Amino acid sequence: MAAKKLNIKDKYRLLTRDLDWDFSYEDRKQAFPYEEFEGIKITDWNKWEDPFRLTMDSYWKYQAEKEKKLYAIFDAFSQNNGHLNVVDSRYVNALKLFLTGVSPLEYQAYQGFAHVGRQFSGVGARVACQMQSLDELRHVQTQIHAMSHYNKFFDGFQEFSHMHDRVWYLSVPRSFFCDARSAGPFEFMVAIGFSFEYVLTNLLFVPFMSGAAHNGDMATVTFGFSAQSDEARHMTLGLEVIKFLLEQHEDNVPIVQKWIDKWFWRGTRLLTIVAMMMDYMLPNKVMSWKEAWEVYFEEAGGALFKDLARYGIRMPKYAETIEKEKEHISHQAWWTFYTHGHAAGFHTWIPSDKELDWLSAQYPDTFDKYYRPLWELAKEQEAKGERFYTSGLPQLCQTCQIPMLFTEMDNPNQNSMRDSVFEDERYHFCSDGCKDIFDEEPEKYVQSWLPVHQIFQGNCGGPGVEDVLSDYYKMNVGVDNMDIKGSPDEKRWNEWKGIA
Amino acid sequence: MSKVYIALQDNDESRYIVEAIEESNPDSTVIHQPAMIRIEREGRLVIERAVVEEKMGRDWDVQELHINLITLGGNVDEDDDQFVLEWKQ
């Protein structure tokens, strides 16, 4: 007689809940020492629900299938010189930023979920976090493999891991994850599992990857969507964590709300770089940052917070500021990188006239008024052979570590600056959101490793900026950095394509 | 009522899944974007195993959805026969 096949619910029960054990001679609290200090109250871990009910055997089966598909495409991409099919050599700079700024975050996510996957005393949450941890390790590996092909033909990919730990703009994503990982396990889950995965990673992996496809990059769209197929499970885990915490005890509600306020603001700041990649670094446009923000943050996030209202959770603090910022941040960020293009590990450029017209059409209320004049000035300077690079180092926000490039939303000609005094030292911030986060935990953020401060303190070599770039950051100065015009990347591309 | 949504990679398998979704959810909206297909519906969207199997002409496990899934929005409930996305407010 054939064995009866278990249904999903029974299989899930046997292969997760049934793997737990009681502690008869050890103290359960000592086995899970981080579970209480954040003030979160869990009364019954058995109430944990995993809607996907994925068990380890199915997990391996489906992940193996995803990997086989993915690596077959990488092989085809590489064997057919797929890098020649991207729209132009400017596009590849978005990938340099992705490999140095985003892929190492996948590794940090792997470490973070491995940690919380050990620290929760509920077995359902532990199993889900362990699977996510393995997913994140798969993501960083597939991304490095995909981009190793580009590393053979373009500059700027060679020291991504070294740069991630040191370079001024890469301290933004790096410190974001360090902040989450050095918090308690429940804050980590609200930060990464919920705020980042449920709402914000969609903006990175969905419209940007669709954009990669639209720019002829078969390798990137493939790893992007393969990673994203795990992401749907991560989003569901993130939402489950929130609902579980809110249903367990009413005392959890204000703690969770505080974390949501903090991490949506932190995440919004982090995504500035993605805004810039979509509006300025993809030569073929899929949708503007503003439109992507409306679909994935305002519409999808709005539906989510409407659903959470029954628990007493409201929209994240500063949602009104965030709504105004969608009109500005991509322009403010790309201008900053353009003017600091000598200190970046990738190339920058003035948008083409066609692209400037596209930006004017997409941002009718702001682009012509505030940003197009800057690019017209840059064009004049470039025509005179005076391409502008700033000689100063930017002041950084103590919390998000982004240069003070943002303006007041009610007056986009005025830089936004805030400050707080803690133990007789004054600290500077880019926004009310970042100042609030500091004021809540100043002991944590006074320890921030701010790249510009470190350079001035002599901790990054020197004495000149060029010495820091070449010796401490390991950039090939004059090759990896500066304008795309006249770069070795552009020269090789033109040779391959037979462009005079 | 808010919209739930699901996005799938644009490939041969997804094509049948999208057909099944349209049949099971008559007033859903299908949006084609580069390399992906996004389907939205007010409140609730269901993917039924039996309908997908009918379209594909083979057995289909609901968890196979994971292979071609890009993203989703809504509360998930999955069992052997169907996959449901729903906002409950």
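Refer to the structure presented above.
Residues numbered from 1 in each chain as written. Chains lettered and ligands numbered in written order. Predicted model: local features only at pLDDT ≥ 70, side-chain atom pairs only at ≥ 80, totals over all residues.

### Focus on the interface of chain A and chain B
Part 1 of the argument: Each partner contributes residues to the interface: chain A has 32 residues there, and chain B has 26 residues.
Part 2 of the argument: Sorting the residues of the side of chain A that touches chain B by element identifies α1 (8-15), α3 (56-79), α10 (207-214), α11 (218-248) and α14 (289-308) of chain A as the ones contributing at least two each.
Part 3 of the argument: No other element matches the nine residues that α11(A) contributes to the side of chain A that touches chain B.
Part 4 of the argument: Looking at the side of chain A that touches chain B residue by residue, the classes come out as 16 nonpolar, eight polar and eight charged. (Contact = placed C-beta atoms within 7 Å. Helix = DSSP H or I, 4+ residues; strand = E, 2+ residues; numbered from the N terminus. Nonpolar A, V, L, I, M, F, W, Y, C, P; charged D, E, K, R; others polar.)

### What about the sheet that holds strand β3 (residues 36-42) of chain B?
Residues and elements named next belong to chain B.
Part 1 of the argument: Here four strands make up an open sheet; going across it, the order is β2-β3-β1-β5 and the pairing antiparallel. Taken across any chain shown, the strands that pair with only one partner, and hence form the sheet edges, are β2 (29-33) and β5 (69-73). Neighbouring strand axes in the sheet, compared pairwise and without regard to direction, differ in orientation by 15 degrees on average.
Part 2 of the argument: As judged from the four bridges shared by strand β1 (residues 3-9) and β5, these two strands associate in the antiparallel manner. From the neighbouring strand, Leu8 faces β5, where its bridge partner is Leu69. (Pairing = 2+ DSSP bridges. Axes fitted to C-alpha atoms, helices over the stretch in contact; angles between N-to-C directions.)

### Points about α11(A)
Residues and elements named next belong to chain A.
Part 1 of the argument: With 31 residues, α11 should cover 45 Å at 1.5 Å per step; its first-to-last C-alpha distance of 45 Å lies within 8% of that length.
Part 2 of the argument: Within α11, the axis deviates most sharply at Asp230, by approximately 30 degrees.
Part 3 of the argument: By the criterion of burial, α11 is predominantly enclosed, with 26 of the 31 residues buried. (Expected span 1.5 Å × (residues − 1). Bend = angle between axes of the 7 residues up to and from the residue. Buried ≥ 20, exposed ≤ 12 C-beta atoms within 10 Å, placed from the backbone.)

### Concerning the sheet that holds strand β4 (residues 44-48) of chain B
What holds strands together in a sheet is hydrogen bonding between their backbones, with the strands either parallel or antiparallel.
Residues and elements named next belong to chain B.
Part 1 of the argument: The three strands are arranged β4-β7-β6 in an open sheet whose pairing can be described as antiparallel. This sheet does not close on itself; its edge strands, each paired only once, are β4 and β6 (75-78). The sheet shows a mean angle of 10 degrees between the axes of neighbouring strands, direction not considered.
Part 2 of the argument: Here β6 pairs with strand β7 (residues 82-86) via four bridges, running antiparallel. By the bridge assignment for β7, Asp77 is matched with Val84.

### Section: α3(A)
Think of an α-helix as 3.6 residues a turn; residues three or four steps apart then line up on the same face.
Part 1 of the argument: Counted at 1.5 Å a residue, the expected span for α3(A) with its 24 residues is 34 Å, and the 34 Å between its end C-alpha atoms agrees.
Part 2 of the argument: Buried within α3(A) we find A:Tyr59, A:Tyr62, A:Lys66 and A:Leu70.
Part 3 of the argument: Where the residues of α3(A) are buried, they touch α6 (123-151) and α11 of chain A together with α3 (65-68) of chain B.
Part 4 of the argument: The positive-phi residue at the C-terminal boundary of α3(A) is A:Asn81, with phi of around 50 degrees.

### Remarks on the nonpolar core
Part 1 of the argument: In this structure, A:Val190, A:Ala191, A:Leu203, A:Val274, A:Met276, A:Met277 and B:Leu8 are the most contacted members of the largest nonpolar core, which totals 152 residues.
Part 2 of the argument: No other element matches helix α9 (residues 185-205) of chain A, which puts 14 residues into this core.
Part 3 of the argument: Residues A:Trp349, A:Ile350, A:Leu359 and A:Phe367 belong to the second largest nonpolar core, which totals seven residues. (Core = buried A, V, L, I, M, F, W, Y, C linked by C-beta atoms within 7 Å.)

### Some points on the pairing of β3(B)
Residues and elements named next belong to chain B.
Part 1 of the argument: Two elements, β1 and β3, share seven bridges in a ladder whose sense is antiparallel. The residue of β3 that forms the bridge with Lys3 is Glu42.
Part 2 of the argument: Sheet topology places β2 next to β3; five bridges connect them, and they run antiparallel. Each residue of the ladder has a partner; that of His32, found in β3, is Ile37.
Part 3 of the argument: In sequence, β2 turns back onto β3 through a hairpin of two residues, with Ala35 there showing a positive phi of about 70 degrees.

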